[in-house]
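What follows is each chain in one-letter form.
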Amino acid sequence: MPHARKYFANILLLYAPLIIKLIDKFKSMPVTPSMICPDHGIIFRKNPSEILNAYREWSEQKPKRKALVIYDTMWHSTEKMAYAIVDALTSNDVDATPMHLKKWNRSDIITEALDAGAIIIGSPTLNNGLFPTVSDFLTYMKGLKPQNKIGAAFGSYGWSGEAPKIVLESFRNLKLKIFEETASFKFSPGAAKKDFLIEFGKKFAQKLLEECSETKNPGV
Ligand SMILES: Cc1cc2nc3c(=O)[nH]c(=O)nc-3n(C[C@H](O)[C@H](O)[C@H](O)COP(=O)(O)O)c2cc1C
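This is a predicted model, so every value here is computed, not measured. (Residues numbered from 1 in each chain as written. Predicted model: local features only at pLDDT ≥ 70, side-chain atom pairs only at ≥ 80, totals over all residues. Heavy atoms only, no water.)

A. Broad picture of the environment of leucine 12. Inspection of the secondary structure assignment puts leucine 12 in helix H1 (residues 2-12). Residue classification places leucine 12 among the buried residues on the basis of a relative accessible area of 18%. The spatial distance from the C-alpha of leucine 12 to the C-alpha of tyrosine 55 is 9.5 Å, given a sequence separation of 43 residues. Not counting residues within four places of it along the chain, the set of residues in contact with leucine 12 comprises Tyr7, Ile19 and Tyr55. (Helix = DSSP H or I, 4+ residues; strand = E, 2+ residues; numbered from the N terminus. Buried < 20%, exposed > 50% of the residue type's maximum accessible area, 1.4 Å probe, protein only. Contact = heavy atoms within 4.5 Å.)

Here it is in structure tokens:
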């Protein structure tokens, strides 16, 4: 099942609305499959209803109180912000994971994102834009069109600080809900700025809770 989940997240996620319709149509038909052989992908020989139920659940993308804090960094300032945000979220009962883009493959991140209620992306500003690995991840996510998540952005900068705004724009294009407040710090975050991040995490956790209860997710 972990492999099937990864396959779904990386190959089929963009078809999620269609998959929900097809599974419901199939389940209304007087057919009990003994084996499912897709035209490509894994063959399901045992208990095909298990995979039908799983595809239905993965397609729904019901948000859990789970946040992925995805980032890259040149000199650790954005990384320090990422860890402070993860700490603040964890203290507010959110299951938060820091994901450094040089350590996490984009396929594994998008698999983790299936049931996450939040995607928080951090990028240093580089030449008035994003750090390249962050652009890479956003391009990948754009194609797969994940839904039912709140997006937020943060990052360290030197003088102009465009990166968090560009991240929010990508979330907007995906029609994800947005946490409009960004955490944007000039160079390294000092002690006073940490208080801001604690507050940022707390407010974000509150918004995530509201979102999860709106979608009545039993997994919350
Ligand atoms: C090649 C290069 C280009 C940069 N371009 C910008 C820029 O256009 N605007 C800006 O605000 N900061 C710019 N910076 C500054 C970084 O955003 C800043 O040093 C930041 O604190 C780095 O965060 P990090 O420690 O997470 O890598 C640039 C830095 C480098 C090395």
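B. View of the packing of aromatic side chains. Scanning the model with the defined rule gives seven aromatic pairs in all. Plain terms: the ring middles of tyrosine 55 and tryptophan 58 are 5.9 Å apart, the flat faces sit at 45° to each other, and that makes the pair tilted. Placement of both tyrosine 55 and tryptophan 58 in helix H3 (residues 48-60) is noted, with a separation of three residues, approximately one turn of the helix. Of the residues examined, tyrosine 55 reaches a relative accessible area of 15% and is grouped as buried. For the pair phenylalanine 185 and phenylalanine 196, a centre-to-centre distance of 5.7 Å together with 65° between the ring planes defines the contact as edge-to-face. Linking phenylalanine 185 in strand E6 (residues 183-186) with phenylalanine 196 in helix H8 (residues 191-214), this pair joins segments that are 11 residues apart in sequence. Of the aromatic side chains, those joined through ring pairs into one cluster are Phe179, Phe185, Phe196, Phe200 and Phe204. The ring centre of tyrosine 140 lies 5.5 Å from the NZ or CZ of arginine 106, which sits over that ring. (Phe/Tyr/Trp six-rings, centres within 6.5 Å; stacked < 30°, edge-to-face > 60°. Lys NZ or Arg CZ within 6 Å of the ring centre and 35° of its normal.)

C. Structural detail: the side chain of glutamine 61. With respect to the helices and strands, the residue glutamine 61 is situated in the loop between H3 and strand E1 (64-71). Non-local contacts of glutamine 61, meaning those with residues more than four positions away in its chain, are made with Leu13, Ala16, Leu114, Pro146, Gln147, Asn148 and Lys149.

D. Seen up close, helix H7 (residues 163-173). Along H7, the residues that are buried comprise Ala163, Pro164, Val167, Leu168 and Phe171. For H7, the angular spread of buried residues about the axis comes to 135°, placing them on one side. Across from the buried face of H7, at angles greater than 90 degrees, the exposed residues are Lys165 and Asn173. Looking at the packing, one finds that the buried side of H7 touches strand E3 (116-122), helix H6 (132-144), strand E4 (150-157), strand E5 (177-178) and E6. Positive phi appears at lysine 175, one or two residues downstream of H7, with a value of about 60°. (Arc of directions from axis to C-beta.)

E. A look at the environment of lysine 165. Checked against the element boundaries, lysine 165 lands in helix H7. With a relative accessible area of 55%, lysine 165 lands in the exposed category. In sequence terms lysine 165 and lysine 102 are 63 residues apart; their C-alpha atoms lie 22 Å from each other.

F. View of the nonpolar core. Residues Tyr55, Ile70, Ile121 and Phe171 are the most contacted members of the largest nonpolar core, which totals 39 residues. Listing elements by their share of this core, those giving two or more residues are H1, helix H2 (16-27), H3, E1, helix H5 (106-113), E3, H6 and H7. Inspection of this core shows a minimum of three residues originating in each of domain 1 (2-60) and domain 2 (64-214). Ignoring anything within four residues of it in the chain, the contact list for phenylalanine 171 reads Ile119, Ile121, Met141, Gly151, Ala152, Leu176 and Ile178. Among the nonpolar cores identified, the runner-up in size contains 25 residues, and Ala84, Ala152, Phe179 and Phe204 belong to it. (Core = buried A, V, L, I, M, F, W, Y, C linked by side-chain atoms within 4.5 Å. Domains from an automatic or database assignment.)

G. Region of the structure containing the domain arrangement of the protein chain. Examined at the domain level, the protein chain breaks down into domain 1 (2-60) and domain 2 (64-214). Centre-to-centre separation of domain 1 and domain 2, based on C-alpha positions: 31 Å. With nine residues of domain 1 at the contact, the number on the domain 2 side is 11 residues. Scanning the region where domain 1 abuts domain 2 turns up two salt bridges. (Salt bridge = Lys/Arg side-chain N within 4 Å of Asp/Glu carboxyl O.)

H. Representation of the pairing of E4 within the structure. Counting buried positions along E4 gives seven out of eight residues, so the element sits mostly inside the fold. Summarising the sheet, E3 and E4 pair through five bridges and their orientation is parallel. In the sheet register, alanine 118 faces E4, and the bridge partner there is isoleucine 150. Handedness of the β-α-β unit built from E3, H6 and E4 comes out right-handed. (Pairing = 2+ DSSP bridges. Right-handed = clockwise from strand over helix to strand, strands pointing away.)

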